[in-house]
Amino acid sequence: MLWMKWKMVVDSLRGRRRRLPCFLWFLLLFAVGGLVLFIHQQDLSDMVQQQLPGMMLGSTPRQSRETLSTQDREGSKSDNHQATEGILSSLVPPMQFPHFESSRQTATPGSPEQDVDPHHVSKRQRKLLKTSPQISHTTNNVSSSLTSSSSGVLCPETWIKLLKQLEDRKKLMKEICAKYKSSISRTITRHHVKYLFVVDKYKLLYCQVPKAGCSNWKRTLMVLAGQAYNTQSIKHDTVHYDHRLKKLDSFDQKGIMHRLKTYTKVMFVREPLERMVSAYRDKFGNPNNYYHSLFGKPIISKYRANASLEALRTGNGVTFKEFVQYLLDVHRPVGMDIHWEQANQLCNPCLIDYDFIGKFETMYEESDFFLRLIGAPQNLTLPSFKDRNPTETRTSTQVTQSYFSEVSMMERQRVYDFYYMDYLMFNYSKPFKDLY
């Protein structure tokens, strides 16, 4: 009996020994299977991160802060186009864009604007790019270098460069004002804002600088203000003589200051001597009874020896040299005019903190950018009309140099000195090599 019990115990232990290795083998297989699954998931995650850098599994392109900069480094045009459609889709608040993060490189007076390295993108710029609108170009004057494909969408590198240029222009403006205009009165009067137009619907203030796209900008403002359906239907006389647009100086002081503090303020400038030549050609090189009578008569009377009675009677035929003499004369026979007055005197940028300083040379790109920025209708773009003398060649660098070949080197220098502050503030290079 005792032997039988012992045999049962021994048999039981033998069975456990046979079952024990099976249990351990099961545990080992389970562990190996879990390890293989874990490694597979890690490989899958790495693969997704390589394809969509900075993104979590299951996220969308708009959720990535690093997608755009990585695509910039790879230089893929098609990828940039897809990223732009996803990222540049919502509107930047109008008063947000002036405060872009500063770069180490700044524009210097008299030198070309600094290029921006799109590979060095700040967190602030990435955030702006994620919330920026899509830009499209519909005019023939737009440089093809601004687009990444035939679709006309600004590539991210160009977008960043444009933001940086606007930032540098504002920074340079403040530096020049601090250096040369620090002693001026800080009180803003109606006189300082008499050339600013108001569009309350879009909380917009535009300072007109004639011969820098002013007429076409007024057309655009009329459409924004609801006074016209499209820019093509607005004639030249309606733009300049109907006085449909409100001016800032028509408000009381409280209304003026409220709009200056809360509205988006924009101005466009042009190379100063080119703008001056454009004004001369428009007002004196072509029939214009008003300017020939008001300015032509006294100019010819004072600066032309042995002037004919016909010229004195009509004021027709003012030469460019006579116009230069009038401009440089501290005792002018007739006052200044808005068409050749310095831009900084018209818009007072040292008193008024402009959010957007655009340039005539890149006006269509920057205007389109600005209109999208303030939430203007998508089909509204700056027109390219040439109202007066449409068959005449536009004033260019070559045309400007041709006109200034008619005056002496000293007169060229003095005209440059006359517009010197505009050259400094708006970062234009010297137009002639012999200037100092």
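Residues numbered from 1 in each chain as written. Predicted model: local features only at pLDDT ≥ 70, side-chain atom pairs only at ≥ 80, totals over all residues. Heavy atoms only, no water.

Some details on the overall build of the protein chain
Logical step 1: Within the protein chain one finds 17 helices and five strands.
Logical step 2: In the protein chain, which comprises 436 residues, the share counted as buried stands at 48%. (Helix = DSSP H or I, 4+ residues; strand = E, 2+ residues; numbered from the N terminus. Buried < 20%, exposed > 50% of the residue type's maximum accessible area, 1.4 Å probe, protein only.)

Some details on helix α10 (residues 289-303)
Side chains of residues three or four places apart in an α-helix project in the same direction, reflecting 3.6 residues per turn.
Logical step 1: With 15 residues, α10 extends 20 Å between its outermost C-alpha atoms, agreeing within 8% with the 21 Å of an ideal straight helix rising 1.5 Å per residue.
Logical step 2: At its buried positions, α10 is contacted by α9 (272-283), α11 (309-314) and α12 (320-328). (Expected span 1.5 Å × (residues − 1). Contact = heavy atoms within 4.5 Å.)

A short note on the packing of aromatic side chains
Logical step 1: Within the structure shown, the criterion is met by 26 aromatic pairs.
Logical step 2: Residues Tyr280 and Tyr403 carry aromatic rings whose centres are separated by 5.9 Å and whose planes lie at 70° to one another, so their mutual orientation is edge-to-face. Here Tyr280 is found in helix α9, whereas its partner Tyr403 is found in helix α15 (residues 397-404), with 123 residues between them in sequence.
Logical step 3: Classification of Tyr280 as buried rests on a relative accessible area of 7%.
Logical step 4: Look at Phe295 and Trp340: their rings are 5.3 Å apart centre to centre, the planes differ by 80°, and that puts the pair in the edge-to-face class. Taken together, the residues span a long stretch of sequence, with Phe295 in helix α10 and Trp340 in the loop between α12 and α13 (343-347) at a distance of 45 residues. Both residues of the pair, Phe295 and Trp340, count as buried.
Logical step 5: Ring pairs connect the aromatic residues Tyr280, Phe284, Tyr290, Tyr291, Phe295, Phe320, Phe323, Tyr326, Trp340, Tyr403, Phe404 and Phe432, which therefore count as one cluster.
Logical step 6: Note that Lys359 overlies the ring of Tyr428, its terminal NZ or CZ placed 4.2 Å from the centroid. (Phe/Tyr/Trp six-rings, centres within 6.5 Å; stacked < 30°, edge-to-face > 60°. Lys NZ or Arg CZ within 6 Å of the ring centre and 35° of its normal.)

Comments concerning the packing of helix α6 (residues 214-224) against helix α14 (residues 363-373)
Between two packed helices, the angle of one axis relative to the other and the distance separating the axes together describe the packing.
Logical step 1: Here α6 crosses α14 at 15°, and the two axes come no closer than 13 Å. Between α6 and α14, the angle is such that the two are roughly parallel. Helix-helix and strand crossings are classified by hand; for α6 and α14 the assignment is right-handed. Contact residues: Trp217, Thr220 and Leu224 in α6; Ser367, Phe370 and Leu371 in α14.
Logical step 2: Broken down by class, the residue content of the contact of α6 with α14 amounts to four nonpolar, two polar and no charged. (Axes fitted to C-alpha atoms, helices over the stretch in contact; angles between N-to-C directions. Parallel < 35°, antiparallel > 145°, perpendicular 65-115°, else oblique. Left-handed = near helix turned anticlockwise from the far one by under 90°. Nonpolar A, V, L, I, M, F, W, Y, C, P; charged D, E, K, R; others polar.)

Structural notes on the pattern of salt bridges
Logical step 1: Considering all chains together, one arrives at 16 salt bridges under this definition.
Logical step 2: Lys211 is the salt-bridge partner of Asp282, the closest N and O atoms lying 3.2 Å from each other. In this pair, Asp282 is assigned in helix α9 and Lys211 in the loop between β2 (204-207) and α6, connecting sequence segments 71 residues apart.
Logical step 3: In the salt-bridge network here, residues are joined through shared partners; they are Asp200, Lys246 and Arg259. (Salt bridge = Lys/Arg side-chain N within 4 Å of Asp/Glu carboxyl O.)

Some points on the state of the cysteines
Logical step 1: Considering all chains together, one arrives at two disulfides under this definition.
Logical step 2: Two residues, Cys207 and Cys347, share a disulfide whose sulfurs are 2.0 Å apart. Its S-S torsion of about -95° marks the bond between Cys207 and Cys347 as left-handed, since a negative value means left-handed. Of this pair, Cys207 sits in strand β2 while Cys347 sits in helix α13; the two residues are 140 residues apart in sequence, bridging distant segments of the chain. Like Cys347, Cys207 is buried.
Logical step 3: Sequence-ordered numbering of the disulfide-bonded cysteines in the protein chain gives the connectivity 1-4, 2-3.
Logical step 4: Cysteine Cys214 shares no disulfide, and the gap to the nearest cysteine sulfur, in Cys207, comes to 8.9 Å. (Disulfide = S-S within 2.5 Å.)

Quick look at the pairing of β2
Logical step 1: Covered by surrounding structure in β2 are Leu204 and Tyr206 together with Leu205 and Cys207, the residues of both alternating faces.
Logical step 2: In this sheet, β2 lies alongside strand β1 (residues 196-199) in antiparallel orientation, the contact comprising four bridges. In the sheet register, Phe197 faces β2, and the bridge partner there is Tyr206.
Logical step 3: The hairpin formed by β1 and β2 contains four residues between the paired strands, and Lys203 there has a positive phi angle of roughly 50°. (Pairing = 2+ DSSP bridges.)

Describing helix α16 (residues 409-418)
Logical step 1: Within the span of α16, buried status applies to Glu411, Arg412, Gln413, Val415, Tyr416 and Phe418.
Logical step 2: Next to the buried residues of α16 lie α9, α12, α15 and α17 (420-425).

Concerning unusual backbone geometry
Logical step 1: In this structure, Lys203 is a non-glycine residue whose phi angle is positive, near 50°.
Logical step 2: Relative to the helices and strands, Lys203 resides in the loop between β1 and β2.
Logical step 3: The backbone phi angle of Asn306 is positive, close to 60°, even though this residue is not glycine.
Logical step 4: Residue position: Asn306 is located in the loop between α10 and α11.
Logical step 5: When its relative accessible area of 80% is taken as the criterion, Asn306 is described as exposed.

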